[in-house]
Amino acid sequence: VNESDPGSLAYDGDSLILKDGDPGDPTPTEDMFSQTFQMPTNLTSVTVEYQRRTQNGNKDDIVWGELWLVDNDGNLDQDVAYWDVYESADQWAVEAIGAPAGALPRLSGQRVALVLYNDTDGSSPDAPDAEKEWMLFDDIILTACYTSHVVGSEKIFLPIIQRP
């Protein structure tokens, strides 16, 4: 981000970008990114935090995230948690999402994929890049907290932070 103009798009090459497709793309309005993690057992919380920014978005563009269980072949198997990613008016914004408590037993000890999706309305696929619909993500952090052992009546929580 250009510090003198926080609303500017100053992509420096290391943000994850989901945008309208390029000519010849078989799915020009859909993008997906995923990263798989091995979750520890005895999870007490799972949080996904990231910075996000939209460029040229509109109400018909949909961006969302999910946590999936991954099968032994590395395929997405079961969707465990879902959240919407909201537009940020052409400025960077921080968002933190916690997995629902009911999902923690299903995630514990499993291979889990963090997946980010977009589905744009395709209103600008042939436009120059500066006019295409973009969703940028940066500083994506998945934090999994778990109970490691019990000392007397105290529980000790150790965070695991992994960056895709």
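Residues numbered from 1 in each chain as written. Predicted model: local features only at pLDDT ≥ 70, side-chain atom pairs only at ≥ 80, totals over all residues. Heavy atoms only, no water.

Visitor: Explain the confidence of the model for the chain residue by residue, including any values.
Guide: Looking at the chain, the pLDDT average stands at 77 and 69% of residues meet or exceed 70. Here strand β9 (residues 154–162) stands out as the least confident element of the chain, with mean pLDDT 47; helix α1 (residues 104–107) is the most confident, with 95. Note on residues 1–10: pLDDT is under 50 here. Beyond four places in sequence and across chains, it has 15 contacts. Contacts from residues 152–159, a stretch scored under 50 in pLDDT, to residues over four places away or in other chains number 18 contacts. (pLDDT = per-residue confidence, 0-100. Helix = DSSP H or I, 4+ residues; strand = E, 2+ residues; numbered from the N terminus. Contact = heavy atoms within 4.5 Å.)

Visitor: Go over the packing of aromatic side chains, please, and point to the residues and values.
Guide: For the structure on display, the rule yields 2 aromatic pairs. Considering the side-chain rings of Tyr50 and Phe137, the 5.4 Å spacing of their centres and the 70 degrees angle between planes classify their relative orientation as edge-to-face. Residue Tyr50 is found in strand β3 (residues 43–55), and its partner Phe137 is found in strand β8 (residues 134–151); the two are separated by 87 residues along the sequence. Residue classification places Tyr50 among the buried positions, given a relative accessible area of 1%. Between Trp64 and Tyr117, the ring centres sit 4.8 Å apart and the planes meet at 15 degrees, which makes this aromatic pair stacked. (Phe/Tyr/Trp six-rings, centres within 6.5 Å; stacked < 30°, edge-to-face > 60°. Buried < 20%, exposed > 50% of the residue type's maximum accessible area, 1.4 Å probe, protein only.)

Visitor: Please provide a residue-by-residue account of the sheet that holds strand β5 (residues 76–84), values included.
Guide: One open sheet accounts for 4 strands, arranged β2-β7-β4-β5; its pairing is antiparallel. Every interior strand has two partners, whereas the edge strands, β2 (30–38) and β5, have only one. Taking the axes of each pair of neighbouring strands and ignoring which way they run, one obtains an average angle of 25 degrees across the sheet. As paired elements, β2 and strand β7 (residues 111–119) share 9 bridges and run antiparallel to each other. (Pairing = 2+ DSSP bridges. Axes fitted to C-alpha atoms, helices over the stretch in contact; angles between N-to-C directions.)

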